[in-house]
Amino acid sequence: MTYRETLDWMFAQLPMYQQKGKSAFNAKLDNTLAFASHLDHPEKKFKSIHVGGTNGKGSSSHMLASVLQEAGYKTGLYTSPHLKDFRERIRIHGQPVGEKFVVDFIQRNIPFFHKNQLSFFEMTVGMAFDYFSEEKVDIAIVEVGLGGRLDSTNIIVPEVALITNIGLDHVEMLGDTLAKIAFEKAGIIKGNRPIVISEYQKDTAEVFEAVANSKRAKLTYADREITKEYKTSLLGNYQAKNVKGVVAVLNELKGFKVTKDHIDEGLRNVTQNTGLMGRWQILRNHPMVVCDTAHNSEGLALVLRQVGQQHYDRLHVVLGFVKGKNLEAILPLFPKNADYYFCRPDIPRGLDVLLLKEKAEASGLNGKSYESVKNAYQSALENSGTTDFIFIGGSTFTVAEVV
């Protein structure tokens, strides 16, 4: 198979969560553990940092990788989902895994996949761990896919774990309260391994403290420990919270020499070092166009606060969601004095644009619907003056079509 054919085969196996939603959520680790055994347990052959949370886990993972790269360590980075190319998910020193490795790995393991009916995510985690093991990375930053306790990545025993924060997202799978979701996220806490929580939250602290105590894991709330302000190349104001979690993790990481200069340089060069996209990413000026992958009420509230701090004559918002989001909580966060361009990201889970327009209008958000993200963005550009501001968001998959 070619690289393209290989990806098509992977995507067509059992449903992929990002494409299909709840039907792809496989709440057990049996397949992952069986595959790890088949691969001779690559997850035991490299050191790691495990990163979970509702918002900020991708940015935090990239920051950690950038700092460790600056410190001279061969650093693996596993994140999801991808924006443009599947290989973004698996990187070493910011460079995506080669197409040949992807093709060869799938070809080599196809009999196992057929026999055991692995999901897309289970295959991909195994591929990442096998690649990091084969390439002998010094350390890998591993981002949780969904939840934590039963996530396919949760077969590693990391040097340190990080949970950024807890918000109401994926409630149909993780629970409908912050405490229930925190319990699932806390599943990445391992025995006698430090756990850092980026943001203290009253509704979740009891859960984290109980799990940490039961595992004899040292727990640190980064926003209570880290008082220094750091600069980062990532432009979202919300990154200040993520930075504190990252610095606290590096303080807990033993056996690696990471200096203040490494931290400063790593935080200033995240995009260049790791290829991160879609976090308050400026696509153009005059008019200013910014996209952001925030897609739940907590994340969007922070991003929209920053939109409100910008200087512009008129605000234009290109907006597309996936199904299953709590639009009754999300849409009222958006400003009413803006022109809206409603669209549907081009995946099966994309929310019908007419349904979005109807719900948005009920929240006082007025605009037109478009058959594609591209058309919506093009119309926003055509209707904008040079001193206007265009925001593109609502979903990772909406952003993926413009970056």
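Now for a description of the structure that goes with this document. What you are looking at is a predicted structure, and each value in this text was computed from that prediction instead of being measured.

Considering the sheet that holds strand β8 (residues 219–221)
Then, in step 1: Taken together, the eight strands give an open sheet; going across it, the order is β4-β3-β2-β5-β1-β6-β7-β8, and neighbouring strands pair in mixed fashion. Each edge of the sheet is formed by a strand with only one pairing partner; in this case those strands are β4 (95–96) and β8.
Then, in step 2: As paired elements, strand β1 (residues 47–52) and strand β6 (residues 160–163) share four bridges and run parallel to each other. Paired with Gly 52 across the two strands is Ile 163, which belongs to β6.
Then, in step 3: Helix-sheet contacts for helix α4 (residues 57–70) involve β1, β2 (75–78), β3 (90–92), β5 (139–143) and β6, and the interaxial angle to β5 is about 170°.

Topic: the sheet that holds strand β12 (residues 339–342)
Then, in step 1: Pairing in this open sheet of six strands is mixed, and the strands run β9-β10-β14-β11-β12-β13 from one edge to the other. Because the sheet does not close on itself, it has two edges, and the strands there are β9 (281–284) and β13 (367–369). The sheet shows a mean angle of 20° between the axes of neighbouring strands, direction not considered.
Then, in step 2: As paired strands, strand β11 (residues 315–319) and β12 are joined by four bridges and run parallel to one another. Looking at the pairing, Val 318 lines up with Tyr 341 of β12.
Then, in step 3: Helix-sheet contacts for helix α16 (residues 353–362) involve β11, β12 and β13, and the interaxial angle to β13 is about 165°.

Observations regarding the environment of Arg 314
Then, in step 1: Note that Arg 314 resides in the loop between α14 (297–308) and β11.
Then, in step 2: Arg 314 sits in the partly exposed class, given a relative accessible area of 32%.
Then, in step 3: Taking C-alpha positions, Arg 314 is 39 Å from Gln 95, a pair spaced 219 residues apart along the chain.
Then, in step 4: For Arg 314, the contacting residues outside a window of four places in its chain are Asn 337, Ala 338, Asp 339, Asp 388 and Phe 389.

Observations regarding the state of the cysteines
Disulfides are covalent bonds that connect the sulfur atoms of two cysteines.
Then, in step 1: Evaluated as defined, the whole model comprises zero disulfides.
Then, in step 2: Just so you know, Cys 291 is unpaired, no disulfide at all, and the nearest cysteine sulfur is the one on Cys 343, 13 Å from it.
Then, in step 3: Among the residues examined, Cys 343 registers a relative accessible area of 0% and is labelled buried.

Observations concerning helix α11 (residues 239–252)
Counting along an α-helix, one turn takes 3.6 residues, and residues three or four places apart therefore face a common direction.
Then, in step 1: Here α11 spans 20 Å end to end across 14 residues, near enough to the 20 Å set by a 1.5 Å rise per residue.
Then, in step 2: Among the 14 residues of α11, eleven are classified as buried, and the element is accordingly described as predominantly covered.
Then, in step 3: For α11, the full list of buried residues reads Gln 239, Asn 242, Val 243, Lys 244, Gly 245, Val 246, Val 247, Ala 248, Val 249, Leu 250 and Glu 252.

Quick look at the pairing of strand β14 (residues 389–393)
Then, in step 1: Across the five residues of β14, five count as buried, placing the element largely inside the fold.
Then, in step 2: Of the two faces of β14, the one carrying Phe 389, Phe 391 and Gly 393 and the one carrying Ile 390 and Ile 392 are both buried.
Then, in step 3: Pairing analysis gives four bridges linking strand β10 (residues 288–291) to β14, with the strands arranged parallel. Each bridged residue has a counterpart across the sheet, and for Val 289 the counterpart in β14 is Ile 390.
Then, in step 4: Bridge analysis of β11 against β14 gives five bridges, and the strand direction is parallel. The residue of β14 that forms the bridge with His 316 is Ile 390.

Rules and cut-offs
Residues numbered from 1 in each chain as written. Predicted model: local features only at pLDDT ≥ 70, side-chain atom pairs only at ≥ 80, totals over all residues. Heavy atoms only, no water. Pairing = 2+ DSSP bridges. Helix = DSSP H or I, 4+ residues; strand = E, 2+ residues; numbered from the N terminus. Contact = heavy atoms within 4.5 Å. Axes fitted to C-alpha atoms, helices over the stretch in contact; angles between N-to-C directions. Buried < 20%, exposed > 50% of the residue type's maximum accessible area, 1.4 Å probe, protein only. Disulfide = S-S within 2.5 Å. Expected span 1.5 Å × (residues − 1).

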